[in-house]
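Survey of secondary and tertiary structure
The residues making up each chain are set out below.
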Amino acid sequence: RFVGKMSSIRNAAADRILNTSVSLRIQMAARKATTMKKIANIYLVDDDEAVRHSLITLLSTSGYTASGFDSAESFLNSVDLSQPGVLLLDQRMNGMSGLELQKELGIRNIDMPIIFITGHGDIPMSVIAMRYGAVTVLEKPFNNRQLVNSLEESLAIVRKNTAVHKLQANIR
């Protein structure tokens, strides 16, 4: 009986240590994820108000903060493009299209990862978007996990670019 009780006590202690360890790892991972998510602004440009609202809600519940714009022009007029950011961009909009905005950012030497979200994408449009640096093209309706994965990939690019810019500034 004594050996059985000792074994039970050891198992209970091991379980507490394991649970504490797992809990600490989860807390550290959450803190790290929150820090990583705040490294860049997330901008959503889509002329469909319902899509903007849905995506901002999705991003919010996933721990991100995003700003929505109803046109490429309002985005260009409202955002400090010198700050790191990720752009979720619809292709077909009133006024300037998503590809035209991507081209304009290139002309201005703005290096911002772009995730195209479109209900009207085709292969030629996707090829052009990727050729000019889009991270990916997601066709509406898309899987939420695809968007979050693409966003994480884009944020990794921002982190890398930010680190490179800091190193370059230190060298000068």
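Okay, so let's go over this structure.

Cut-offs used in this document
Residues numbered from 1 in each chain as written. Predicted model: local features only at pLDDT ≥ 70, side-chain atom pairs only at ≥ 80, totals over all residues. Heavy atoms only, no water. Core = buried A, V, L, I, M, F, W, Y, C linked by side-chain atoms within 4.5 Å. Buried < 20%, exposed > 50% of the residue type's maximum accessible area, 1.4 Å probe, protein only. Helix = DSSP H or I, 4+ residues; strand = E, 2+ residues; numbered from the N terminus. Contact = heavy atoms within 4.5 Å. Lys, Arg positive; Asp, Glu negative; His and termini not counted. Salt bridge = Lys/Arg side-chain N within 4 Å of Asp/Glu carboxyl O. Pairing = 2+ DSSP bridges. Right-handed = clockwise from strand over helix to strand, strands pointing away.

Judged by nonpolar contacts, the single largest core of 21 residues is most densely connected at Phe 75, Leu 87, Leu 89, Leu 101, Leu 105 and Phe 116. At the level of secondary structure, the elements contributing two or more residues to this core comprise β1 (41-45), α3 (72-78), β3 (85-90), α4 (98-107), β4 (114-118) and α5 (123-131). The contact partners of Leu 89, leaving out residues within four places of it in the chain, are Val 45, Gly 98, Leu 101, Ile 114, Ile 115, Phe 116 and Ile 117.

As for its position among the elements, Arg 52 is in helix α2 (residues 49-61). Buried and without a salt bridge, Arg 52 has Glu 49 as its closest oppositely charged side chain, separated by 4.8 Å. Setting aside residues no more than four positions away along its own chain, Arg 52 makes contact with Leu 44, Asp 46, Asp 47, Gly 68, Phe 69 and Asp 70.

Moving on, we get to the pairing of strand β2 (residues 66-69). The pairing of β1 with β2 spans 4 bridges and is classified as parallel. Directly across from Tyr 43, in β2, lies its bridge partner Ser 67. For the handedness criterion, the β-α-β arrangement of β1, α2 and β2 is classed as right-handed.

For the structure shown, the criterion picks out 3 salt bridges. One salt bridge connects Asp 46 with Lys 140, and the closest N-O pair in it is separated by 2.9 Å. Within this pair, whereas Asp 46 is found in the loop between β1 and α2, its partner Lys 140 is found in the loop between β5 (136-139) and α6 (144-171), the two being separated by 94 residues in sequence. With a closest N to O distance of 2.8 Å, Arg 108 and Glu 104 form a salt bridge. Its relative accessible area of 40% is what places Arg 108 among the partly exposed residues. Classification of Glu 104 as partly exposed rests on a relative accessible area of 22%. One continuous salt-bridge network, built from bridges that share partners, spans Asp 46, Asp 90 and Lys 140.

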